[in-house]
Amino acid sequence: MAAVAALQSRVALASRRAGRTSSVRVSAAARPTWYPGANPPKHLDGTLLGDYGFDPLRLGSKDKDVLKYYREAELTNGRWAMAAVAGILFTDLVGLGNWWEAGANVQSTFDLKTLIVIEIATFAVLEGFRVKAYEKTGETGLGPFAPFDPLNMRSDETRLKELKNGRLAMIAFLGFSSQAAVQGLGPIECLQKHLADPGHNNIFTSGVGAEATVAVIVLSIVPAIIESKNRLEGTDDEFRPIPW
(Lines give C-alpha, C1' and ligand atoms only; values in the text may rest on other atoms or scores of the structure.)
Protein backbone atom coordinates (compact mmCIF):
# COMPACT_ATOMS: atom_id res chain seq x y z
CA MET A 1 0.00 0.00 0.00
CA ALA A 2 2.88 2.33 0.78
CA ALA A 3 4.32 1.72 -2.67
CA VAL A 4 0.95 2.48 -4.31
CA ALA A 5 0.57 5.67 -2.28
CA ALA A 6 4.08 6.78 -3.24
CA LEU A 7 3.34 6.09 -6.92
CA GLN A 8 0.09 8.07 -6.73
CA SER A 9 1.93 10.96 -5.08
CA ARG A 10 4.53 11.01 -7.86
CA VAL A 11 1.84 10.93 -10.56
CA ALA A 12 -0.02 13.83 -8.89
CA LEU A 13 3.20 15.85 -8.60
CA ALA A 14 4.03 15.22 -12.25
CA SER A 15 0.51 16.28 -13.25
CA ARG A 16 0.78 19.53 -11.29
CA ARG A 17 4.15 20.28 -12.88
CA ALA A 18 2.77 19.51 -16.32
CA GLY A 19 -0.15 21.81 -15.62
CA ARG A 20 2.15 24.65 -14.57
CA THR A 21 4.37 24.10 -17.59
CA SER A 22 1.34 24.09 -19.89
CA SER A 23 0.04 27.34 -18.40
CA VAL A 24 3.45 28.96 -18.84
CA ARG A 25 3.56 27.90 -22.47
CA VAL A 26 0.07 29.24 -23.12
CA SER A 27 0.80 32.60 -21.47
CA ALA A 28 4.08 32.92 -23.37
CA ALA A 29 2.43 32.06 -26.67
CA ALA A 30 -0.51 34.41 -26.06
CA ARG A 31 1.49 37.40 -27.31
CA PRO A 32 4.81 37.90 -29.12
CA THR A 33 7.88 38.10 -26.91
CA TRP A 34 11.43 39.27 -27.49
CA TYR A 35 12.62 35.70 -27.95
CA PRO A 36 10.51 32.58 -28.61
CA GLY A 37 8.92 31.13 -25.49
CA ALA A 38 10.03 33.91 -23.15
CA ASN A 39 8.07 34.34 -19.93
CA PRO A 40 7.54 38.13 -19.59
CA PRO A 41 8.04 39.76 -16.17
CA LYS A 42 4.82 40.34 -14.27
CA HIS A 43 4.86 44.13 -14.64
CA LEU A 44 4.89 43.81 -18.45
CA ASP A 45 1.37 42.48 -18.89
CA GLY A 46 0.91 43.37 -22.57
CA THR A 47 -1.18 46.49 -22.00
CA LEU A 48 1.50 48.84 -23.38
CA LEU A 49 1.93 49.05 -27.14
CA GLY A 50 5.12 47.35 -28.26
CA ASP A 51 5.42 45.32 -25.06
CA TYR A 52 7.46 42.22 -25.88
CA GLY A 53 8.37 41.37 -22.29
CA PHE A 54 11.89 42.85 -22.43
CA ASP A 55 13.08 44.49 -19.21
CA PRO A 56 16.18 42.61 -17.98
CA LEU A 57 17.08 45.40 -15.52
CA ARG A 58 13.52 45.45 -14.08
CA LEU A 59 13.43 49.23 -14.49
CA GLY A 60 9.65 49.32 -14.65
CA SER A 61 8.88 46.80 -11.92
CA LYS A 62 8.49 49.23 -9.00
CA ASP A 63 5.81 51.63 -10.16
CA LYS A 64 3.30 51.68 -13.03
CA ASP A 65 3.60 55.46 -13.33
CA VAL A 66 7.37 55.21 -13.68
CA LEU A 67 6.90 52.57 -16.38
CA LYS A 68 4.71 55.00 -18.36
CA TYR A 69 7.33 57.73 -18.03
CA TYR A 70 10.03 55.32 -19.23
CA ARG A 71 7.87 54.61 -22.27
CA GLU A 72 7.74 58.34 -23.09
CA ALA A 73 11.50 58.55 -22.53
CA GLU A 74 11.95 55.64 -24.94
CA LEU A 75 9.83 57.44 -27.54
CA THR A 76 11.81 60.65 -27.08
CA ASN A 77 15.13 58.87 -27.54
CA GLY A 78 13.73 56.98 -30.52
CA ARG A 79 12.64 60.22 -32.18
CA TRP A 80 16.08 61.75 -31.70
CA ALA A 81 17.66 58.57 -33.05
CA MET A 82 15.44 58.62 -36.16
CA ALA A 83 16.46 62.23 -36.84
CA ALA A 84 20.13 61.37 -36.25
CA VAL A 85 20.09 58.32 -38.53
CA ALA A 86 18.43 60.30 -41.33
CA GLY A 87 21.01 63.07 -40.92
CA ILE A 88 23.96 60.66 -40.90
CA LEU A 89 22.76 58.85 -44.04
CA PHE A 90 22.19 62.18 -45.81
CA THR A 91 25.67 63.37 -44.81
CA ASP A 92 27.21 60.18 -46.20
CA LEU A 93 25.16 60.13 -49.40
CA VAL A 94 26.00 63.70 -50.47
CA GLY A 95 29.63 63.52 -49.35
CA LEU A 96 29.68 66.16 -46.62
CA GLY A 97 32.50 64.50 -44.69
CA ASN A 98 32.64 62.24 -41.66
CA TRP A 99 29.47 62.61 -39.61
CA TRP A 100 31.30 62.05 -36.32
CA GLU A 101 33.51 65.09 -37.03
CA ALA A 102 30.62 67.44 -37.86
CA GLY A 103 30.56 69.01 -34.39
CA ALA A 104 34.24 69.92 -34.56
CA ASN A 105 33.86 71.53 -37.99
CA VAL A 106 30.97 73.86 -37.21
CA GLN A 107 31.46 77.30 -38.76
CA SER A 108 29.93 79.89 -36.47
CA THR A 109 30.39 83.48 -35.39
CA PHE A 110 30.13 82.26 -31.77
CA ASP A 111 32.95 80.59 -29.91
CA LEU A 112 32.56 77.10 -28.40
CA LYS A 113 31.65 78.28 -24.89
CA THR A 114 28.91 80.55 -26.21
CA LEU A 115 27.49 77.73 -28.33
CA ILE A 116 27.43 75.43 -25.30
CA VAL A 117 25.56 78.02 -23.25
CA ILE A 118 23.03 78.52 -26.07
CA GLU A 119 22.48 74.77 -26.40
CA ILE A 120 22.00 74.28 -22.65
CA ALA A 121 19.50 77.15 -22.47
CA THR A 122 17.60 75.90 -25.53
CA PHE A 123 17.32 72.36 -24.26
CA ALA A 124 16.38 73.50 -20.76
CA VAL A 125 13.38 75.31 -22.27
CA LEU A 126 12.44 72.35 -24.49
CA GLU A 127 12.76 69.87 -21.61
CA GLY A 128 10.65 72.15 -19.41
CA PHE A 129 7.90 72.11 -22.04
CA ARG A 130 8.24 68.35 -22.37
CA VAL A 131 7.86 67.70 -18.64
CA LYS A 132 4.86 70.04 -18.35
CA ALA A 133 3.22 68.41 -21.37
CA TYR A 134 3.72 64.96 -19.86
CA GLU A 135 2.25 66.06 -16.52
CA LYS A 136 -0.77 67.50 -18.30
CA THR A 137 -1.49 64.89 -21.00
CA GLY A 138 0.59 61.83 -20.13
CA GLU A 139 2.38 62.24 -23.47
CA THR A 140 5.11 64.40 -24.96
CA GLY A 141 5.39 66.09 -28.32
CA LEU A 142 7.05 69.14 -29.86
CA GLY A 143 7.62 71.82 -27.25
CA PRO A 144 4.28 72.72 -25.66
CA PHE A 145 2.32 70.80 -28.31
CA ALA A 146 1.46 67.36 -26.95
CA PRO A 147 0.49 65.14 -28.49
CA PHE A 148 2.00 66.57 -31.67
CA ASP A 149 -0.11 65.39 -34.60
CA PRO A 150 -0.56 68.13 -37.26
CA LEU A 151 -1.62 65.59 -39.93
CA ASN A 152 -4.16 63.84 -37.69
CA MET A 153 -2.46 60.45 -38.06
CA ARG A 154 -2.69 59.25 -34.46
CA SER A 155 -3.84 55.66 -34.04
CA ASP A 156 -2.64 52.57 -32.23
CA GLU A 157 -1.17 51.34 -35.52
CA THR A 158 0.89 54.49 -36.17
CA ARG A 159 1.95 54.70 -32.52
CA LEU A 160 3.29 51.15 -32.70
CA LYS A 161 5.05 51.87 -35.99
CA GLU A 162 6.71 54.96 -34.49
CA LEU A 163 7.87 52.94 -31.49
CA LYS A 164 9.31 50.15 -33.62
CA ASN A 165 11.05 52.56 -35.98
CA GLY A 166 12.46 54.45 -33.01
CA ARG A 167 13.89 51.25 -31.54
CA LEU A 168 15.36 50.31 -34.91
CA ALA A 169 16.90 53.78 -35.24
CA MET A 170 18.53 53.54 -31.79
CA ILE A 171 20.12 50.21 -32.79
CA ALA A 172 21.15 51.70 -36.15
CA PHE A 173 22.81 54.67 -34.45
CA LEU A 174 24.70 52.29 -32.17
CA GLY A 175 25.82 50.42 -35.30
CA PHE A 176 26.90 53.63 -37.05
CA SER A 177 28.92 54.65 -33.98
CA SER A 178 30.54 51.21 -33.78
CA GLN A 179 31.46 51.31 -37.47
CA ALA A 180 33.04 54.72 -37.06
CA ALA A 181 35.04 53.58 -34.02
CA VAL A 182 36.21 50.26 -35.50
CA GLN A 183 36.45 50.97 -39.23
CA GLY A 184 36.75 54.75 -39.34
CA LEU A 185 34.07 54.75 -42.06
CA GLY A 186 30.48 55.92 -42.45
CA PRO A 187 27.51 53.57 -42.91
CA ILE A 188 27.30 53.93 -46.70
CA GLU A 189 31.01 53.15 -47.15
CA CYS A 190 30.76 50.16 -44.82
CA LEU A 191 27.71 48.87 -46.70
CA GLN A 192 29.52 49.23 -50.03
CA LYS A 193 32.53 47.31 -48.69
CA HIS A 194 30.28 44.57 -47.32
CA LEU A 195 28.33 44.18 -50.56
CA ALA A 196 31.56 44.02 -52.57
CA ASP A 197 32.90 41.10 -50.50
CA PRO A 198 30.45 39.93 -47.79
CA GLY A 199 32.63 37.02 -46.71
CA HIS A 200 35.60 39.19 -45.78
CA ASN A 201 33.95 42.50 -44.83
CA ASN A 202 31.62 41.94 -41.88
CA ILE A 203 31.59 42.34 -38.12
CA PHE A 204 33.17 38.92 -37.56
CA THR A 205 36.23 39.77 -39.68
CA SER A 206 36.66 43.24 -38.17
CA GLY A 207 38.86 44.27 -35.26
CA VAL A 208 36.15 43.18 -32.82
CA GLY A 209 35.35 39.91 -34.58
CA ALA A 210 36.26 37.65 -31.66
CA GLU A 211 34.21 39.70 -29.20
CA ALA A 212 31.22 39.75 -31.56
CA THR A 213 31.38 35.97 -32.04
CA VAL A 214 31.43 35.29 -28.29
CA ALA A 215 28.57 37.75 -27.70
CA VAL A 216 26.38 36.15 -30.37
CA ILE A 217 27.01 32.64 -29.01
CA VAL A 218 26.25 33.64 -25.42
CA LEU A 219 23.12 35.63 -26.31
CA SER A 220 21.88 32.73 -28.44
CA ILE A 221 22.25 29.89 -25.97
CA VAL A 222 21.73 31.44 -22.50
CA PRO A 223 17.96 32.12 -22.90
CA ALA A 224 17.47 28.64 -24.35
CA ILE A 225 19.32 27.03 -21.43
CA ILE A 226 17.33 28.98 -18.84
CA GLU A 227 13.98 28.22 -20.48
CA SER A 228 14.86 24.54 -20.88
CA LYS A 229 15.77 24.37 -17.19
CA ASN A 230 12.45 25.99 -16.24
CA ARG A 231 10.47 23.60 -18.42
CA LEU A 232 12.22 20.51 -17.02
CA GLU A 233 11.77 21.67 -13.44
CA GLY A 234 8.18 22.81 -14.02
CA THR A 235 8.89 26.35 -12.79
CA ASP A 236 7.86 29.68 -14.26
CA ASP A 237 10.86 31.79 -13.20
CA GLU A 238 11.39 34.94 -15.22
CA PHE A 239 14.45 35.27 -17.46
CA ARG A 240 16.96 37.34 -15.46
CA PRO A 241 20.30 37.88 -17.26
CA ILE A 242 21.12 40.33 -14.45
CA PRO A 243 20.26 38.82 -11.03
CA TRP A 244 18.09 41.55 -9.44
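Use the structure listed above.
Note that this is a predicted model, so its numbers are computed, not measured. (Residues numbered from 1 in each chain as written. Predicted model: local features only at pLDDT ≥ 70, side-chain atom pairs only at ≥ 80, totals over all residues. Heavy atoms only, no water.)

Concerning the overall build of the protein
Looking only at helices and strands, one finds 6 helices and 0 strands in the protein. Shown N-terminal to C-terminal, the secondary structure of the protein runs as helices and strands in the order α-α-α-α-α-α. Put simply, of all contacts in the protein between residues at least 6 apart along the chain, 54% involve residues at least 24 apart. Accessible surface, the protein: about 16,800 Å² in total, of which carbon and sulfur atoms supply 65%. (Helix = DSSP H or I, 4+ residues; strand = E, 2+ residues; numbered from the N terminus. Contact = heavy atoms within 4.5 Å. Areas by Shrake-Rupley, 256 points an atom, 1.4 Å probe, with all protein chains shown as cover.)

Notes on the nonpolar core
Of all hydrophobic cores here, the largest spans 7 residues; its members are Ala81, Val85, Ile88, Trp99, Ala169, Phe176 and Ala180. Going through the elements one at a time, α2 (64-93) and α4 (156-183) are the ones with two or more residues in this core. (Core = buried A, V, L, I, M, F, W, Y, C linked by side-chain atoms within 4.5 Å. Buried < 20%, exposed > 50% of the residue type's maximum accessible area, 1.4 Å probe, protein only.)

Side note on the pattern of salt bridges
Counted by the stated rule, this structure contains 9 salt bridges. A salt bridge links Arg167 to Glu74; its shortest N-O distance comes to 2.7 Å. Placement of Arg167 in helix α4 and of Glu74 in helix α2 is noted, with a sequence separation of 93 residues between them. Linked through salt bridges whose partners overlap, the residues forming this network are Arg71, Glu74 and Arg167. (Salt bridge = Lys/Arg side-chain N within 4 Å of Asp/Glu carboxyl O.)

Topic: the packing of aromatic side chains
Applying the stated rule across the entire model yields 5 aromatic pairs. A ring pair is formed by Tyr69 and Tyr134, whose centres lie 5.1 Å apart and whose planes are at 80°; its orientation type is edge-to-face. In this pair, Tyr69 sits in helix α2 while Tyr134 sits in helix α3 (residues 112-137), placing the two residues 65 residues apart along the sequence. Since its relative accessible area comes to 31%, Tyr69 is described here as partly exposed. The class of Tyr134 is buried, set by a relative accessible area of 17%. (Phe/Tyr/Trp six-rings, centres within 6.5 Å; stacked < 30°, edge-to-face > 60°.)

Focus on α4
Taking 1.5 Å per residue as the helical rise, α4 with its 28 residues ought to reach 40 Å, and the 40 Å between its terminal C-alpha atoms agrees with that figure. All buried positions along α4 are accounted for by Leu163, Gly166, Ala169, Phe176 and Ala180. Those residues of α4 that are buried are in contact with α2 and α5 (187-196). Once α4 finishes, Gly184 follows within two positions and takes phi at roughly 70°, a positive value. (Expected span 1.5 Å × (residues − 1).)

Quick notes on the side chain of Glu72
By secondary structure assignment, the location of Glu72 is in helix α2. One buried charged residue, Glu72, remains without a salt bridge, the closest side chain of opposite sign being Arg79 at 4.8 Å. Leaving out residues up to four positions away in the same chain, Glu72 has contacts with Tyr134, Gly138, Glu139 and Thr140. (Lys, Arg positive; Asp, Glu negative; His and termini not counted.)

Re the environment of Gly175
You can see Gly175 is positioned in helix α4. The sequence separation of Gly175 and Pro187 amounts to 12 residues, and the corresponding C-alpha distance is 8.4 Å.

So, α3
Residue pairs spaced three or four apart in an α-helix point in one direction, given the helix's 3.6 residues per turn. With 26 residues, α3 should reach 38 Å at 1.5 Å per residue; the first-to-last C-alpha distance of 37 Å fits that figure. All of the buried residues in α3 are Arg130, Ala133 and Tyr134. Against the buried residues of α3 lie α2.

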